[in-house]
Amino acid sequence: MSEQFRLTRRSMLAGAAVAGALAPVVTSVAHAEGGDIKTNPAATAANIATLKRVKVDLVRPPFVHAHTQKAEGAPKVIEFKMTIQEKKIVVDDKGTEVHAMTFDGSVPGPMMVVHQDDYVELTLVNPDTNELQHNIDFHSATGALGGGALTVVNPGETAVLRFKATKAGVFVYHCAPAGMVPWHVTSGMNGAIMVLPRDGLKDHKGHDLVYDKVYYVGEQDFYVPKDENGQFKKYESAGEAYPDVLEAMKTLTPTHVVFNGAVGALTGENALQAKVGDRVLILHSQANRDTRPHLIGGHGDYVWATGKFANPPELDQETWFIPGGAAGAAYYTFQQPGIYAYVNHNLIEAFELGAAGHFKVTGDWNDDLMTAVVSPTSG
Ligand SMILES: [Cu+2]
């Protein structure tokens, strides 16, 4: 058994994990320990040393850390740190539990923002209190499985990855350890990075699109095993749950499809806030499964459904399609006050499985846009 398949220093999960690790899908992960990748740090060190460094503290979604929309000055090295947390979370109001795997403790992991041609330098910490091996694959990065091959960290290990953000857009990142990729991703271990064009976002005519607010919605499908009575099962650990979760995953039928880690995580008191006139950028990722965001009573004025800013945005969208493994961006100026539902417009997933959030918008009502000419009246 090669070193790359060593899941954990703890033995508990060895049986299940090794079985998974031998799946043919991972045969391309020959570089998982970085062993046969030849890097040449000297070639780039001199260049990197001249660049300004900026340390960014990540924040919990749906919020996004402070950033400038246009880059200031030359490309920089943007330093991030994420600590992997394996933790039990409750994913609905019935107390259903998932042994989640998370970047920095949240599902999804935090949104990172840089500008095109900046260098992302991530310190990835896997504390020795964790049970599992993890890594990170950035869809925005080039080479080495998106960095997955260079960041395999066992409990107690830390890795530092640096990559150049050459392409502008919103991109998924996710954990992808050999043999366990879908388990880790559907256990919550995914997030997104936004690489802004250095000159900021533009509309279809090349004019600036400045946003007043940005929110990050991470959509997550969970596969919680059920017992013979149809009740969701509880487990002592991720390892104990693994065989049943694997069978539930293979049905391709999620038991929960949620925004930001749980049913109702973005509703009620946690609704996303805006005012009439606010220009809001909604970033939406789905690391595993297709989705189709829709703002009920609003629109996507400018939408990059697949999230890549070198393409002109589509205008005036009602619903947009984000394929699994991608992140999209929608820009909307709110016109009316009220509560808006923001949903996956597979309405079964929205209303029965959880894929819905709320925007709470304050301001004055515009009768010209809509008015109740005759309120519902009997007779
Ligand atoms: Cu992981």
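Above this text you will find the structure in question.
Summarised in this report is the structure supplied together with it. (Residues numbered from 1 in each chain as written. Predicted model: local features only at pLDDT ≥ 70, side-chain atom pairs only at ≥ 80, totals over all residues. Heavy atoms only, no water.)

## Quick word on empty space enclosed by the protein
- In this structure the tally under the stated criterion is 2 cavities of 30 Å³ or more.
- Size it by volume and the largest cavity reaches roughly 170 Å³.
- Val98, His99, Ser187, Tyr223 and Val245 are the residues nearest the centre of the largest cavity, which is lined by 16 residues in total.
- Elements with a minimum of two residues in the lining of the largest cavity: β3 (97-103), α3 (181-186) and α4 (238-250).
- The leading source of residues in the lining of the largest cavity is α4, at 4 residues.
- Of the residues contributing to the lining of the largest cavity, the split by class is 11 nonpolar, 3 polar and 2 charged. (1 Å grid on protein atoms, 1.4 Å probe; cavity = no way out; pocket = protein on both sides within 12 Å on 5 of 7 lines; lining within 4 Å. Points joined across faces, edges and corners; volume = space filled by probe spheres on them. Helix = DSSP H or I, 4+ residues; strand = E, 2+ residues; numbered from the N terminus. Nonpolar A, V, L, I, M, F, W, Y, C, P; charged D, E, K, R; others polar.)

## Here's the deal with the side chain of His65
- Mapping His65 onto the fold places it in the loop between β1 (53-55) and β2 (77-90).
- A polar side-chain atom of His65 sits 2.9 Å from the main-chain amide nitrogen of Val113.
- Filtering out sequence-adjacent residues up to four positions away, His65 remains in contact with Val56, Asp57, Leu58, Val59, Phe80, Met111, Met112 and Val113. (Polar contact = N/O pair within 3.5 Å; in protein donor to acceptor, adjacent residues only side chain to side chain. Contact = heavy atoms within 4.5 Å.)

## Looking at the coordination of the copper ion
- Bound to the copper ion on the protein side are His134 (ND1), Cys175 (SG), His184 (ND1) and Met189 (SD), at distances that span 2.0 to 2.5 Å.
- In this structure, the copper ion is coordinated by 4 donor atoms arranged in tetrahedral fashion, with angles at the metal of 88 to 129°.
- When its relative accessible area of 0% is taken as the criterion, His184 is described as buried. (Donors = N, O, S within 2.8 Å, 3.2 Å for Na, K, Ca; no water. Tetrahedral: all angles 85-135°; square planar, octahedral: opposite > 155°, others 65-115°. Buried < 20%, exposed > 50% of the residue type's maximum accessible area, 1.4 Å probe, protein only.)

## Thoughts on the packing of aromatic side chains
- A full pass over the atoms with the stated rule returns 13 aromatic pairs.
- On the basis of an interplanar angle of 65° and a centroid distance of 6.0 Å, the ring pair of Tyr215 and Phe359 is categorised as edge-to-face. A residue pair is termed long-range when its members are at least 10 positions apart, and Tyr215 in strand β10 (residues 213-222) and Phe359 in strand β19 (residues 356-362) qualify at 144 residues.
- By relative accessible area, which is 5% here, Tyr215 ends up buried.
- A relative accessible area of 0% means that Phe359 is categorised as buried.
- Aromatic ring contacts, followed pair by pair, group Phe63, Tyr215, Phe259, Tyr332, Phe334, Tyr340, Tyr342 and Phe359 into a single cluster.
- The ring of Phe171 carries the charged tip of Lys308 above its face, separated from the ring centre by 4.6 Å. (Phe/Tyr/Trp six-rings, centres within 6.5 Å; stacked < 30°, edge-to-face > 60°. Lys NZ or Arg CZ within 6 Å of the ring centre and 35° of its normal.)

## Section: the sheet that holds strand β14 (residues 293-295)
- The mixed open sheet is built from 4 strands, whose spatial order is β12-β19-β18-β14. Each of the sheet's edge strands pairs with one partner strand only, and the pair in question is β12 (272-275) and β14. The average angle at which neighbouring strand axes cross in this sheet is 25°, direction not considered.
- Here strand β18 (residues 338-344) pairs with β19 via 6 bridges, running antiparallel. Within the sheet, the bridge partner assigned to Tyr342 lies in β19 and is Gly357. (Pairing = 2+ DSSP bridges. Axes fitted to C-alpha atoms, helices over the stretch in contact; angles between N-to-C directions.)

## Notes on unusual backbone geometry
- For the bond from Pro61 to Pro62, the omega torsion is 15°, close enough to zero to count as cis.
- Within the fold, Pro62 resides in the loop between β1 and β2.
- The linkage connecting Val107 with the following residue, Pro108, adopts the cis geometry, with an omega of 0°.
- Along the chain, the position of Pro108 falls in the loop between β3 and β4 (112-115).
- For Asn260, which is not a glycine, the phi torsion comes out positive at approximately 55°.
- Tracing the chain through its elements places Asn260 in the loop between β11 (256-259) and β12.
- Of note in this structure, Asp316 is not a glycine but carries a positive phi near 55°.
- Take Asp316: it is sitting in strand β16 (residues 314-317).

## Re the nonpolar core
- Counting 38 residues, the largest nonpolar core has Phe80, Met82, Phe103, Met112, Phe138, Trp183 and Ile193 as the members making the most contacts within it.
- Secondary structure elements with two or more residues in this core: β2, β3, β4, β5 (119-126), β7 (157-164), β8 (169-174), β9 (190-196) and α4.
- For this core, the element with the most residues is α4, which contributes 6 residues. (Core = buried A, V, L, I, M, F, W, Y, C linked by side-chain atoms within 4.5 Å.)

## Here we look at a nonpolar patch on the surface
- Where nonpolar side chains cluster on the molecular surface, the patch consists of Ile296, Leu347 and Phe351 and spans about 280 Å² of accessible area.
- Residue classification places Ile296 among the partly exposed residues on the basis of a relative accessible area of 37%. (Patch = residues over 30% accessible without salt bridge, like charges linked within 9 Å, V, L, I, M, F, W, Y side chains within 5 Å. Areas by Shrake-Rupley, 256 points an atom, 1.4 Å probe, with all protein chains shown as cover. Salt bridge = Lys/Arg side-chain N within 4 Å of Asp/Glu carboxyl O.)

## Here we look at the pairing of β8
- The buried fraction of β8 is high, at 6 of 6 residues.
- Neither face of β8 is exposed, since Gly169, Phe171 and Tyr173 on one face and Val170, Val172 and His174 on the opposite face are all buried.
- With 2 bridges joining them, strand β6 (residues 137-138) and β8 adopt antiparallel strand pairing. Across the sheet, the residue bridging to Asp137 is His174, located in β8.
- Bridging between β8 and β9 involves 6 bridges; their strand directions are antiparallel. Bridge pairing in β9 links His174 to Asn190.

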